[in-house]
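Remarks on the overall topology
Okay, here's what each chain looks like letter by letter:
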Amino acid sequence: MAELLHLGRLLKSTETQDTLTIVSLFQFMTYAAHLKDDILLVHDATHSPEVAPPLLPTSIQSFLSCACGLSSDTIDLCWSATKDTIWSNPRFSRIGYIDPHDFEVHGYHYGLCRYHF
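Presented here is a report on the structure given in the accompanying data block.

About the thresholds
- Residues numbered from 1 in each chain as written.
- Predicted model: local features only at pLDDT ≥ 70, side-chain atom pairs only at ≥ 80, totals over all residues.
- Heavy atoms only, no water.
- Helix = DSSP H or I, 4+ residues; strand = E, 2+ residues; numbered from the N terminus.
- Buried < 20%, exposed > 50% of the residue type's maximum accessible area, 1.4 Å probe, protein only.
- Contact = heavy atoms within 4.5 Å.
- Areas by Shrake-Rupley, 256 points an atom, 1.4 Å probe, with all protein chains shown as cover.
- Axes fitted to C-alpha atoms, helices over the stretch in contact; angles between N-to-C directions.
- Parallel < 35°, antiparallel > 145°, perpendicular 65-115°, else oblique.
- Nonpolar A, V, L, I, M, F, W, Y, C, P; charged D, E, K, R; others polar.
- Left-handed = near helix turned anticlockwise from the far one by under 90°.
- Phe/Tyr/Trp six-rings, centres within 6.5 Å; stacked < 30°, edge-to-face > 60°.
- Lys NZ or Arg CZ within 6 Å of the ring centre and 35° of its normal.
- Core = buried A, V, L, I, M, F, W, Y, C linked by side-chain atoms within 4.5 Å.
- Disulfide = S-S within 2.5 Å.

Some words on the overall build of the protein chain
Helix and strand counts for the protein chain come out as 7 helices and 0 strands. In the protein chain, buried positions account for 40% of the 117 residues. Within the protein chain, counting contacts between residues at least 6 apart in sequence, those at least 24 apart form 73% of the total. Surface summary for the protein chain: the accessible area is close to 7100 Å², and the carbon and sulfur share equals 57%.

This is the structure:
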């Protein structure tokens, strides 16, 4: 329940009011879940893969900002509010739509692709 209150405050925040919508938040969460392995790559090997990292790598943050149409500051706020949900639900990355166009247009520049082998 506390997480829903946090998300409600995030959606009503004056810092995010102009750009953050339920749709863009869901897109952010779907894409971040899809990129979990890429997020972990830059963290120290002692970091537990079971725990969401406190910060996103710059390349992931930049990609999410471009793909979701959100500022870097809003991406940081979204990550702090949703990282535990994204990290703790292994099915989250499969429930949302990943637009291949976003990865074609924005992903290559940041070394990211839609498919993982």
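Still to come is the rest of the account.
Section: the packing of helix α4 (residues 58–68) against helix α5 (residues 72–88)
Their axes nearest at 9 Å, the elements α4 and α5 cross at an angle of 105 degrees. It follows from the interaxial angle that α4 and α5 lie roughly perpendicular. The segment α4 lies against α5, with Gln61, Leu64 and Ser65 engaging Ser72, Ile75 and Asp76. Split into classes, the residues belonging to the contact of α4 with α5 amount to 2 nonpolar, 3 polar and 1 charged.

A look at the packing of helix α2 (residues 22–34) against α4
Closest axis-to-axis distance for the α2/α4 pair is 10 Å, and the angle between their directions is 140 degrees. Our classification of the angle between α2 and α4 gives oblique. Here α2 and α4 pass one another in a crossing that is right-handed. The segment α2 lies against α4, with Ser24, Gln27, Phe28, Tyr31 and Ala32 engaging Phe63, Leu64, Ala67 and Cys68. Of the residues contributing to the contact of α2 with α4, the split by class is 7 nonpolar, 2 polar and no charged.

A few points about the packing of aromatic side chains
Applying the stated criterion across every chain yields a total of 2 aromatic pairs. Ring centres 6.0 Å apart and planes at 85 degrees place the aromatic pair tryptophan 79 and tryptophan 87 in the edge-to-face group. Like tryptophan 79, the residue tryptophan 87 is buried in the burial classification. Between lysine 36 and the ring centre of tryptophan 87, over which it is positioned, the NZ or CZ distance is 5.0 Å.

Structural notes on the nonpolar core
One finds Leu25, Phe28, Leu56, Leu64, Trp79 and Ile86 to be the most contacted residues of the largest nonpolar core, which totals 25 residues. Listing elements by their share of this core, those giving two or more residues are α1 (2–12), α2, α4 and α5. Setting aside chain neighbours within four positions, we find leucine 25 in contact with Leu7, Leu20, Cys78 and Thr82.

Points about the state of the cysteines
Within this structure, the stated rule accounts for 0 disulfides. Among the cysteines around cysteine 68, which has no disulfide bond, cysteine 78 carries the closest sulfur, lying 8.1 Å off.

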